[in-house]
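The primary structure of each chain is shown beneath.
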Amino acid sequence: MLKKEWKEQGFIDEPVLEGTDLKAEIRRMCKEKDAVILAHYYTSGDIQEVADFVGDSLALARKAAQTDAKMMVMCGVHFMAETCKLLSPEKVVLCPDLNAGCSLADSCKAEDLRKFKDEHPGYKVISYVNTTAAVKALTDVVVTSGNAKKVVDQLPEDEKLIFGPDYNLGCYINETTGRNMLLWQGGCHVHERFSVKKIVELKNQYPDALVMAHLECKAPVLALADVKGSTAHMLQFAQNSDASQFIVATEAGILHELQRTCPQKTFIPVPPEISESGLECSCNECQYMKMNTLLKIYNCLKYEWPQVEVDAAIAKDAVKPIERMLALS
């Protein structure tokens, strides 16, 4: 029986014996329970190292749809665990901490989107994957930063479209496709914080470095970027580029995989304009992604909790735009 306080706080914080090798125990339980660990690039390095698969939102969604494992542990944020459950409803989906939310998903509530749709009859809805299942249920097709342009390009040119919730990504897609989509006024608290001034300073300090920026960044940041795209795109570019120095404007967790796969290259994180603590810092992190820890993964595997469930009525509609995205991308 789970302790009441564990249920109330959304994760299990039971301590382990001193000297316990958490990584070894996690891998042992994965084998024992036929479980896989999926981790986003923005989680900490030790979690990426213990995971079966590390990727961006699109890659994680594909993996969730394809895995034969009976159980998945989604180390990311809550909407990612929901997406896993939508694509594999018969499987057990665990989320190490139910409090790992997403500021972007929070910026678009289902009731607000429903009202906006009613105010704009005849419009189709494109929703970024960073949304709740309830929002996806009101959506015609889901996209990620990695496939948004490709998906939009395949839609009829005269189709009236609502794009949300990320305003910056929507602006970029409008600019590159020539569309005039109605844009939701949402944003990621991490990517909104990047400092244009700091990028200019870093560029002066490292004149040969290429600037890589995520599409959730503000337009002034993207204007300074040599490379614009998803985390997976930036990773692939760095691996294939002859450049040896990169200034990186996305959540600092990606630096682990960049450095692991390109050990001979230098990656410089762009700091935020102001950190959440108000103190000067050298990187920009998502506190929700960092809620995932080895101890929480160990405990959620041990107790098979917290499990993520999606209301059946919502799931029926929410899975359709995700499946359409996977077909179009």
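Refer to the structure printed above.
Residues numbered from 1 in each chain as written. Predicted model: local features only at pLDDT ≥ 70, side-chain atom pairs only at ≥ 80, totals over all residues. Heavy atoms only, no water.

A. Expanded view of the packing of aromatic side chains. In this structure the tally under the stated criterion is three aromatic pairs. Judged by centre distance (5.4 Å) and plane angle (15 degrees), the rings of phenylalanine 246 and phenylalanine 267 are stacked. Here the residue phenylalanine 246 occupies a position in strand S11 (residues 245-249), and phenylalanine 267 occupies one in strand S12 (residues 266-269), the gap between them amounting to 21 residues. Each member of the pair phenylalanine 246 and phenylalanine 267 is classed as buried. Stacked on the ring of phenylalanine 11, the Lys or Arg lysine 296 has its end atom at 4.3 Å from the ring centre. (Phe/Tyr/Trp six-rings, centres within 6.5 Å; stacked < 30°, edge-to-face > 60°. Helix = DSSP H or I, 4+ residues; strand = E, 2+ residues; numbered from the N terminus. Buried < 20%, exposed > 50% of the residue type's maximum accessible area, 1.4 Å probe, protein only. Lys NZ or Arg CZ within 6 Å of the ring centre and 35° of its normal.)

B. Spatial organisation of unusual backbone geometry. With omega at 0 degrees, the peptide bond leading from glycine 164 into proline 165 counts as cis. Within the chain, aspartate 34 stands out as a residue other than glycine whose phi angle is a positive 55 degrees. Positive phi values are uncommon outside glycine, yet glutamate 304 reaches one of about 55 degrees. Along the chain, glutamate 304 turns up in the loop between helix H15 (294-303) and helix H16 (312-328). For glutamate 304, a relative accessible area of 29% translates into the label partly exposed.

C. Expanded view of the side chain of lysine 296. Examined against the element boundaries, lysine 296 turns out to sit in helix H15. Once residues lying within four places of it in the same chain are set aside, the contact partners of lysine 296 are Phe11, Ile12, Pro96, Asp97 and Met291. (Contact = heavy atoms within 4.5 Å.)

D. Layout of the sheet that holds strand S1 (residues 35-40). Read across the sheet, four strands follow the order S2-S1-S3-S4 without closing on themselves; strand pairing throughout is parallel. With partners counted over all chains shown, the strands left at the sheet margins are strand S2 (53-55) and strand S4 (92-94), one partner each. In this sheet, neighbouring strand axes are inclined to one another by 20 degrees on average, regardless of whether the strands run parallel or antiparallel. Pairing of S1 with S2 involves three bridges; the strand directions are parallel. If you follow leucine 38 over to S2, its bridge partner there is phenylalanine 53. H15 contacts S1, strand S3 (71-75) and S4 of the sheet and is inclined by roughly 160 degrees relative to S3. (Pairing = 2+ DSSP bridges. Axes fitted to C-alpha atoms, helices over the stretch in contact; angles between N-to-C directions.)

E. Quick peek at the sheet that holds strand S9 (residues 210-214). Taken in spatial order, the four strands make up an open sheet running S10-S9-S11-S12, and their pairing is parallel. Since the sheet does not close on itself, it has two edges, and those belong to strand S10 (227-229) and S12, each with one partner. Looking at each pair of strands side by side, their axes are set apart by 25 degrees on average, direction ignored. Bridge analysis of S11 against S12 gives four bridges, and the strand direction is parallel. When the bridges of S12 are listed, isoleucine 247 appears paired with isoleucine 268. The strands that helix H14 (residues 254-261) touches are S9, S11 and S12; relative to S12, the one it contacts most, it runs at about 170 degrees.

F. Representation of the pattern of salt bridges in the model. Summed over all chains, the structure comprises 15 salt bridges. Its salt-bridge partner being glutamate 14, residue lysine 302 comes within 3.5 Å of it at the nearest N-O pair. Linking lysine 302 in helix H15 with glutamate 14 in the loop between helix H1 (4-9) and helix H2 (22-33), this pair joins segments that are 288 residues apart in sequence. A residue is classified by how much of its surface remains accessible, and lysine 302, at 38% relative accessible area, is partly exposed. Residues participating in the shared-partner salt-bridge network are Glu25, Arg28 and Glu32. (Salt bridge = Lys/Arg side-chain N within 4 Å of Asp/Glu carboxyl O.)

G. How the structure looks around helix H7 (residues 110-119). Restricting attention to buried positions, one finds in H7 the residues Ala110, Leu113 and Phe116. Summarising the axial view, the buried residues of H7 lie within an arc of 125 degrees, below the 170-degree limit, and thus occupy one face. Turned more than 90 degrees off the buried face of H7, the exposed positions are Glu111, Lys115 and Asp118. Buried residues in H7 make contact with strand S5 (124-128), helix H8 (133-136) and strand S7 (161-164). (Arc of directions from axis to C-beta.)

H. Main features of helix H5 (residues 78-87). Taken across its ten residues, H5 has nine buried, putting it largely inside the fold. Listed as buried for H5 are Phe79, Met80, Ala81, Glu82, Thr83, Cys84, Lys85, Leu86 and Leu87. Contacts made by the buried residues of H5 are with S1, helix H4 (57-66), S3, S4, H8 and H16.

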